[in-house]
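Notes for the structure review
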Amino acid sequence: SVYALLTLPSGDVIIGGVITKSERTISALGARTVSIATALMAFVLAGGLGALWFSLRHIVIARIQRMERHLRAQSDAITPMAPDRTIDEISHLTTAYNALARRIAEADERAGAAVRERESTAAANRMKSDFLANISYELRTPLNDVIGYADLIGEDLADRGDTSVAPDLKRITGAAR
């Protein structure tokens with residue numbers, strides 16, 4: 001091999017040319033260069049894939065696993081997740097989940113209030129029914145006595161031929177019934 005400095009007719013200068021007397025040497029030099037280039041390319045590709053895996057692991061997979069752990073930890077009540085600081089699809093998913101958790105909590109609260117209201121209404125209805133049953137029983141006996149007494153007075157006056165108070169006795173009997 002000989003390195004030379006060559007000036008072209010255009011005025012350009014070529015430095016570092018390779019001159020060989022055998023084609024075999026050029027072929028060997030080319031094969032070795034291809035091998036080195038292939039090895040270097042494989043190393044760069046492996047490094048790039050490693051960096052891509054690390055980035056995906058940190059940016060996507062770890063966050064999805066955090067969401068999965070949170071969802072698996074839910075028992076009876078759904079609780080919101082800690083907000084995500086990034087702005088991407090996963091943070092939008094977290095925000096949507098938190099909104100859903102809040103809506104479910106509000107719905108549970110409304111359902112509980114409705115159940116308490118229904119129980120309160122049922123208790124008031126029972127108290128009203130008990131009151132009416134008791135008051136009806138307590139009023140029925142004396143009113144039956146009033147009706148019976150008005151009938152006796154009406155019969156006694158009818159036997160005597162006095163009908164002047166008959167309309168009043170009918171009003172008393174009607175009101176008592």
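Just so we're clear, the structure is a prediction, and the values are computed from it rather than from any experiment.

**Quick word on the overall build of the chain**
Scanning the chain from N- to C-terminus turns up three helices and two strands. Starting at the N terminus, the α and β elements of the chain follow one another as β-β-α-α-α. Considering only contacts within the chain whose residues lie at least 6 apart along the sequence, 26% involve residues at least 24 apart. Surface exposure of the chain reaches about 14,700 Å², of which carbon and sulfur atoms provide 63%.

**Points about helix H2 (residues 89-160)**
For H2, with 72 residues, the first-to-last C-alpha span of 103 Å sits near the 106 Å given by 1.5 Å per residue. Looking one or two places after H2, you find Gly161, whose phi comes out positive at around 90°.

**Let's talk about the confidence of the model for the chain**
Across the chain, the average pLDDT comes to 82, with 85% of residues at or above 70. Within the chain, the element-level pLDDT minimum falls on strand S1 (residues 5-7), averaging 62, and the maximum on H2, averaging 88.

**Examining the pattern of salt bridges**
Tallying each qualifying case throughout the model produces four salt bridges. Arg63 is the partner of Asp88 in a salt bridge, and the nearest nitrogen-oxygen pair spans 2.7 Å. In this pair, Asp88 sits in the loop between helix H1 (23-72) and H2 while Arg63 sits in helix H1, placing the two residues 25 residues apart along the sequence. The exposure classification of Asp88 matches that of Arg63, with both residues buried. Note that Glu68 is salt-bridged to Arg72, the shortest N-O span being 2.8 Å.

**Some remarks on a nonpolar patch on the surface**
Together, Phe131, Leu132, Ile135, Leu139, Leu143, Val146 and Ile172 make up a nonpolar patch on the protein surface, roughly 580 Å² of accessible area in all. In terms of residue count, the dominant contributor to the nonpolar patch is H2 (six residues). Along the chain, the position of Leu139 falls in helix H2.

**Some details on the side chain of Thr94**
On the secondary structure map, Thr94 appears in helix H2. Apart from the residues within four sequence positions on either side, Thr94 is in contact with Arg66, Met67, Met81, Ala82 and Asp84.

**Thoughts on the side chain of Arg63**
Using a relative accessible area of 11% as the deciding quantity, one classes Arg63 as buried. Look past the residues within four positions of Arg63 in its chain and what remains in contact with it is His58, Asp84, Thr86, Asp88, Ile90 and Ser91.

**A word on helix H3 (residues 166-176)**
Of the residues making up H3, those classed as buried are Leu169, Thr173 and Ala176. Around the axis of H3, the buried residues are gathered within 65° of arc, so they sit on the same side. Along H3, the residues that are exposed and aim more than 90 degrees away from the buried face are Pro167, Lys170, Arg171 and Ala175. Among the structural elements, H2 are those in contact with the buried residues of H3.

**Remarks on the environment of Tyr97**
Mapped onto the fold, Tyr97 is located in helix H2. Between the C-alpha atoms of Tyr97 and Ile78, which are 19 residues apart in sequence, the distance is 9.8 Å. Sequence-distant contacts of Tyr97, that is, excluding residues within four places in its chain, are made with His70, Leu71, Gln74, Ile78, Thr79, Pro80 and Met81.

**A few points about the packing of H2 against H3**
Orientation of H2 relative to H3, taken along the N-to-C sense of each, is 160°, at an axis distance of 9 Å. Here H3 runs roughly antiparallel to H2, going by the angle between their axes. Crossing angle aside, the handedness with which H2 passes H3 is left-handed. From H2, Leu143, Val146, Ile147, Ala150, Asp151, Ile153, Gly154 and Leu157 reach across to H3, where they touch Leu169, Ile172, Thr173 and Ala176. Within the contact of H2 with H3, the residues separate by chemical class into nine nonpolar, two polar and one charged.

Definitions and cut-offs
Residues numbered from 1 in each chain as written. Predicted model: local features only at pLDDT ≥ 70, side-chain atom pairs only at ≥ 80, totals over all residues. Heavy atoms only, no water. Helix = DSSP H or I, 4+ residues; strand = E, 2+ residues; numbered from the N terminus. Contact = heavy atoms within 4.5 Å. Areas by Shrake-Rupley, 256 points an atom, 1.4 Å probe, with all protein chains shown as cover. Expected span 1.5 Å × (residues − 1). pLDDT = per-residue confidence, 0-100. Salt bridge = Lys/Arg side-chain N within 4 Å of Asp/Glu carboxyl O. Buried < 20%, exposed > 50% of the residue type's maximum accessible area, 1.4 Å probe, protein only. Patch = residues over 30% accessible without salt bridge, like charges linked within 9 Å, V, L, I, M, F, W, Y side chains within 5 Å. Arc of directions from axis to C-beta. Axes fitted to C-alpha atoms, helices over the stretch in contact; angles between N-to-C directions. Parallel < 35°, antiparallel > 145°, perpendicular 65-115°, else oblique. Left-handed = near helix turned anticlockwise from the far one by under 90°. Nonpolar A, V, L, I, M, F, W, Y, C, P; charged D, E, K, R; others polar.

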